[in-house]
Every structure is written in C-alpha cells, then in structure tokens.
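Residue-level structure breakdown
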Amino acid sequence: MSDRHGGAWTLRRRDDGGVLAELVVNGGDFPWLNARVDPREGLAELRPLFAEELRLLDGIDEDVESWERAYETVRNAVTLRYPDGQEVPEFLLHLDGDEAWWRWSDEPFDEQNA
C-alpha cells in the first residue's frame with residue numbers, strides 16, 4: 001500500500017471521472033492533510049460549490065443543516081482518489097483558491113453515529 005500521507009491525491013468529477021485537480025500534500029495535522037491545488041480544466045466550474053461550503057462552514061453553529069446541504073452538493077459533484085489511484089470511500093474536503101485540506105476514512109462514515 002502506498003503512503004497516504006504524502007504525494008498527490010486526485011480530485012475528479014463524479015459524473016465522468018475527469019481530473020479536476022491534483023492535490024499535492026504539503027503538510028497536515030492528523031487527521032487533516034493540507035495540499036497545494038494544481039487545477040485542471042473543469043475545476044473553475046465547481047469552485048462556487050466549494051466557496052459556498054466554506055461560507056456556510058463559518059456559520060455552522062447557527063445553521064448546520066445549510067452547511068450539510070452545501071457539502072452534500074460538493075460530494076455529489078466530486079470524488080477523491082488516494083495517491084495509489086484507489087477511490088477514497090469517505091472524505092471531508094475544503095478547497096479555497098490554491099489550498100485544500102481534508103480528512104478521510106477508508107470506510108464510509110456511519111451516519112447513525114455522526
């Protein structure tokens with residue numbers, strides 16, 4: 001198995017699998033990884049989804065449901081792949097300009113305990 005704490009992760013479109021960005025890990029604080037975003041064609045189209053998710057994250061204490069809907073929109077639009085090419089089963093990803101940060105799970109999140 002490859003090292004999942006380094007290297008380039010891949011952000012892809014959920015609908016057609018097209019590469020949107022390479023996320024080049026440049027740091028982190030477990031369980032979060034930080035990366036430089038190397039955008040590809042198509043990412044600009046989805047940036048408003050990420051911007052809205054971050055905007056709502058700032059006010060999550062007042063309106064968690066709106067943030068959850070915004071993040072679900074992001075998750076319905078993209079997939080994340082480990083450096084070894086395998087799809088990440090579950091992740092929480094934030095993207096702002098040329099920076100990204102995320103945490104992930106090798107197993108789907110248990111929504112009953114969320």
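Above this note sits the structure.
Since the model is a prediction, treat every value here as computed from it, not as a measurement. (Residues numbered from 1 in each chain as written. Predicted model: local features only at pLDDT ≥ 70, side-chain atom pairs only at ≥ 80, totals over all residues. Heavy atoms only, no water.)

Moving on, we come to unusual backbone geometry. In this chain, Phe30 is followed by Pro31 through a cis amide linkage whose omega measures 10°. Within the element layout of this structure, Pro31 appears in the loop between strand S2 (19–29) and strand S3 (32–39). (Helix = DSSP H or I, 4+ residues; strand = E, 2+ residues; numbered from the N terminus.)

Another point: the sheet that holds S3. Strand order in the open sheet formed by six strands is S4-S1-S2-S3-S6-S5, with antiparallel pairing between adjacent strands. Sheet topology places strand S4 (78–81) and strand S5 (90–96) at the edges, where each strand pairs with a single neighbour. Between one strand axis and the next, the sheet turns through 30° on average, direction left out of account. Of the pairings in the sheet, the one linking strand S1 (residues 8–13) to S4 comprises four bridges and is antiparallel in character. Considered in S4, the bridge of Arg12 is made with Thr79. Running at roughly 100° to S5, helix H2 (residues 64–77) makes contact with S1, S4 and S5 of the sheet. (Pairing = 2+ DSSP bridges. Axes fitted to C-alpha atoms, helices over the stretch in contact; angles between N-to-C directions. Contact = heavy atoms within 4.5 Å.)

Attention now goes to the nonpolar core. With 29 residues, the main nonpolar core has Trp9, Leu11, Leu23, Val78, Leu93 and Trp102 as its most contacted residues. Every element with two or more residues in this core is listed here: S1, S2, S3, helix H1 (43–58), H2, S4, S5 and strand S6 (99–105). Among the elements that line this core, the one with the most residues is H2, at five residues. Non-local contacts of Leu93, meaning those with residues more than four positions away in its chain, are made with Leu11, Leu23, Phe50, Glu53, Tyr71, Ala100, Trp101 and Trp102. (Core = buried A, V, L, I, M, F, W, Y, C linked by side-chain atoms within 4.5 Å. Buried < 20%, exposed > 50% of the residue type's maximum accessible area, 1.4 Å probe, protein only.)

Here the focus is the packing of aromatic side chains. As enumerated under the stated definition, the model contains four aromatic pairs in all. For the pair Trp9 and Trp102, a centre-to-centre distance of 5.2 Å together with 65° between the ring planes defines the contact as edge-to-face. Taken together, the residues Trp9 in strand S1 and Trp102 in strand S6 connect sequence positions 93 residues apart. Ring geometry for Trp67 versus Tyr71: centroids 5.6 Å apart, planes at 15°, classification stacked. Within this pair, Trp67 and its partner Tyr71 are both found in helix H2, separated by four residues, close to a single helical turn. As far as burial versus exposure is concerned, Trp67 and Tyr71 are alike and both buried. (Phe/Tyr/Trp six-rings, centres within 6.5 Å; stacked < 30°, edge-to-face > 60°.)

What follows deals with the pairing of S5. Among the seven residues that make up S5, six are buried, leaving the element largely enclosed by the rest of the structure. Looking at chain direction, S5 and S6 are connected through seven bridges and run antiparallel. Looking at S6, one finds that Glu90 is bridged to Ser105. Here S5 hands over to S6 after two residues, with Gly97 in that stretch at a positive phi of 65°.

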